[in-house]
Amino acid sequence: LFQGNLFIMLGAMTSAPGKLDDRAIFYKHDDSNFYPALSYLIGQSLALIPQMLIDVLLFGTCVYWMVGFVATAQGFLLYLALFFSFNFTMGQCFGLLSSVAPNKSVVQA
């Protein structure tokens, strides 16, 4: 389980420099009053959900059955839901870190 969560965390960490590069585009759009910051945040979060679902379904299914958890639908769906929430949370945490960090080396440290 720890290795699975670590894999998700490292995957979220690799996306942080890209979010740092997107920050310049956001500042340009914000200065031009294209859209409010909350709309940008919600849009970015919702756009990542399909990819996260695929990651969780593929990786989580393999991990669940290889570890040998209880073979019930309720346990499996609960595991996938918790795995998805952890994946989403890590993505948002590294997004927050990349929004306040001054450069890429600080984000990846």
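Quick summary incoming for the structure in this document. (Residues numbered from 1 in each chain as written. Predicted model: local features only at pLDDT ≥ 70, side-chain atom pairs only at ≥ 80, totals over all residues. Heavy atoms only, no water.)

In the contact formed by helix 2 (residues 37-67) and helix 3 (residues 73-100), the axes pass within 8 Å of each other and the chain directions differ by 135°. One way to sum up the angle between helix 2 and helix 3 is to call them oblique. In this structure, helix 2 meets helix 3 at a crossing whose hand is right-handed. Classifying every residue of the contact of helix 2 with helix 3 gives 16 nonpolar, six polar and one charged. (Axes fitted to C-alpha atoms, helices over the stretch in contact; angles between N-to-C directions. Helix = DSSP H or I, 4+ residues; strand = E, 2+ residues; numbered from the N terminus. Parallel < 35°, antiparallel > 145°, perpendicular 65-115°, else oblique. Left-handed = near helix turned anticlockwise from the far one by under 90°. Nonpolar A, V, L, I, M, F, W, Y, C, P; charged D, E, K, R; others polar.)

Here we take up the environment of Ala37. If you trace the backbone, Ala37 turns up in helix 2. According to the relative accessible area criterion, Ala37 is partly exposed, its value standing at 41%. (Buried < 20%, exposed > 50% of the residue type's maximum accessible area, 1.4 Å probe, protein only.)

Moving on, we come to helix 2. Taking 1.5 Å per residue, 31 residues should reach 45 Å; helix 2 reaches 42 Å between its end C-alpha atoms and fits that length. At Ile49, helix 2 shows its strongest bend, of approximately 35°, with the proline Pro50 following within four residues. The complete set of buried residues in helix 2 reads Ser45, Met52, Val56, Gly60, Val63 and Tyr64. The inward-facing, buried residues of helix 2 abut helix 3. (Expected span 1.5 Å × (residues − 1). Bend = angle between axes of the 7 residues up to and from the residue. Contact = heavy atoms within 4.5 Å.)

With that out of the way, let us pick up the environment of Phe69. Relative to the assigned elements, Phe69 resides in the loop between helix 2 and helix 3. It is 9.5 Å that separates the C-alpha atoms of Phe69 and Tyr79, two residues lying 10 residues apart in sequence. In this view, Phe69 contacts Leu1, Tyr64 and Tyr79; residues no more than four positions away in its chain are not counted.

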